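# Remarks on the overall topology
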Amino acid sequence: MTTTQYIRTGCFLAAAAAVMVWSCNTGSSAKAPSPATSMPELLKVDTNSIPKDKYGEMVRYGRELMLNTAYYIGPDGVNGHYLGNKMNCTNCHQDGGTKAFSFNLMLSHQEYPQYRAREGKVLTLAERINNCVTRPHNGKPLPLDSKEMVAFLAYLRWINGFVPKDKPHQGSHNLAVKLPDTAADPEKGKMLYQEHCARCHGKDGEGQLAGVSYTYPPLWGPDGYQPGSSMHRVIKQAQWLKANMPYDKATWNKPFLTDEEALDIAAFVNNDSIHARPDVKNYDYPHVAEKAIDYDKGPFADTFSARQHKYGPFRPVISYWDQHGMKASY
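### Some words on the overall build of the protein chain
Scanning the protein chain from N- to C-terminus turns up 13 helices and 4 strands. For the protein chain, the residues scored as buried account for 55% of the 330 residues in total. Within the protein chain, contacts between residues at least 6 apart in sequence are counted, and of these 68% link residues at least 24 apart. Carbon and sulfur atoms form 53% of the exposed surface of the protein chain, whose accessible area is close to 15000 Å².

### A look at unusual backbone geometry
For the bond from Y112 to P113, the omega torsion is 5°, close enough to zero to count as cis. Topologically, P113 is positioned in the loop between helix 5 (108–111) and strand 1 (114–116). A cis amide bond, omega -5°, links M245 with the succeeding residue P246. Assignment of secondary structure puts P246 in the loop between helix 10 (234–244) and helix 11 (259–269). One non-glycine residue, F101, lies in the positive phi region at around 60°. Assignment of secondary structure puts F101 in the loop between helix 4 (94–97) and helix 5. Residue Y285 is not a glycine yet carries a positive backbone phi of 50°.

### Describing the packing of helix 8 (residues 186–196) against helix 11
Relative orientation of the contacting elements helix 8 and helix 11 amounts to 95°, with a least axis distance of 7 Å. Comparing their axes, helix 11 and helix 8 come out roughly perpendicular. For the pair formed by helix 8 and helix 11, the contact residues are P186, K188, G189, K190, L192 and Y193 on the first element and E260, E261, D264, I265, A267 and F268 on the second.

### Topic: the side chain of N104
Mapped onto the secondary structure, N104 falls in the loop between helix 4 and helix 5. Among the residues examined, N104 registers a relative accessible area of 10% and is labelled buried. Within the structure, N104 has its side chain in polar contact with the backbone oxygen of T98 (distance 3.3 Å). Within polar-contact distance, the side chain of N104 engages the backbone oxygen of K99 at 3.1 Å. Each residue touching N104, except ones within four places of it in the same chain, is listed here: G97, T98, K99, H169, G171 and S172.

### With respect to the nonpolar core
Formed by 39 residues in total, the largest nonpolar core has its most connected members in L241, L263 and I293. Elements with a minimum of two residues in this core: helix 8, helix 10, helix 11 and helix 13 (315–323). Among the elements that line this core, the one with the most residues is helix 11, at 7 residues. What L263 contacts, discounting residues up to four positions off in sequence, is V177, K178, L179, P180, A184, V234, I235 and A238.

### With respect to the environment of K254
In this fold, K254 is placed in the loop between helix 10 and helix 11. Taking the C-alpha atoms as reference points, K254 and A243, separated by 11 residues in sequence, lie 7.8 Å from one another.

### Things to note about the pattern of salt bridges
In the structure shown here, the tally under the stated rule is 11 salt bridges. A salt bridge links K310 to D296; the shortest N-O distance between them is 3.8 Å. Note that K310 is positioned in helix 12 (residues 306–311) and D296 in the loop between helix 11 and helix 12, a separation of 14 residues in sequence. Counted as one network, the salt bridges with shared partners bring together R116, R118, E119, R135 and D284.

Conventions used here
- Residues numbered from 1 in each chain as written.
- Predicted model: local features only at pLDDT ≥ 70, side-chain atom pairs only at ≥ 80, totals over all residues.
- Heavy atoms only, no water.
- Helix = DSSP H or I, 4+ residues; strand = E, 2+ residues; numbered from the N terminus.
- Buried < 20%, exposed > 50% of the residue type's maximum accessible area, 1.4 Å probe, protein only.
- Contact = heavy atoms within 4.5 Å.
- Areas by Shrake-Rupley, 256 points an atom, 1.4 Å probe, with all protein chains shown as cover.
- Axes fitted to C-alpha atoms, helices over the stretch in contact; angles between N-to-C directions.
- Parallel < 35°, antiparallel > 145°, perpendicular 65-115°, else oblique.
- Polar contact = N/O pair within 3.5 Å; in protein donor to acceptor, adjacent residues only side chain to side chain.
- Core = buried A, V, L, I, M, F, W, Y, C linked by side-chain atoms within 4.5 Å.
- Salt bridge = Lys/Arg side-chain N within 4 Å of Asp/Glu carboxyl O.

Fair warning: the whole summary comes from geometry, so function is off the table for now.
And the structure:
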């Protein structure tokens, strides 16, 4: 097997396992969606339909970049060194950004330019791509006219072509989780992690490295995602976990983790008091009233502590924002 084949095989597993942030062997008491909403028509992408022309070449390279990001532009990349770690885009945006309820990207081409509260300004799609390169990948921005940036944009335009224009796209957002009256518990999350997760991600969250990329990515440490990344927010990560983990047992309409378990695991993984991450100088959100409520870096537009913004309970925070005419996001 050649190096390229090896990496692609490993990244295919990662696309199936994706950030694979937990393998739990127990069932869940989480309820599946009601029959009326449990079986939407999820979108499928036919890679055989990629045009066989110059545009199609860029689409194919864009898909390769999604699946094998580290191989091409990672620290040891064959086409550049832009990422600061060896994870792949598909670790979070599963199946190259086409899997429903998994940070799906199929609407991104039509939704940008878009106002982003984290930056406090309207971003182009190219700028948003670079946000992913610099934050979760802890890297440096791609040149806007680079082959890689053009390929990413071409691929996102192509998958957007599979979205019907006359009805909503099911699965474009992650699943909602019911927020309990209590805070997420990192200690309970630790027990879940040690019992069910360390077999893939390691007892120290180091993941399993295979050459220039990960079969199972790290969950913290110097090669993990940065603070400020979506996965670093407890509610946001729990929403992703609910539909996708354990990767070999959970489906979006039949989760294995309860909502509370997903929140507890996310709390443990994102416990910065015990888990170091790449250093970040800018924590974003220039307009405090636009800050996500599960973002724990102050200042805040309310009276709650950084710890409560980190772990909850979140419902009192949401009620406060509603009472003061502010829109809570998470």
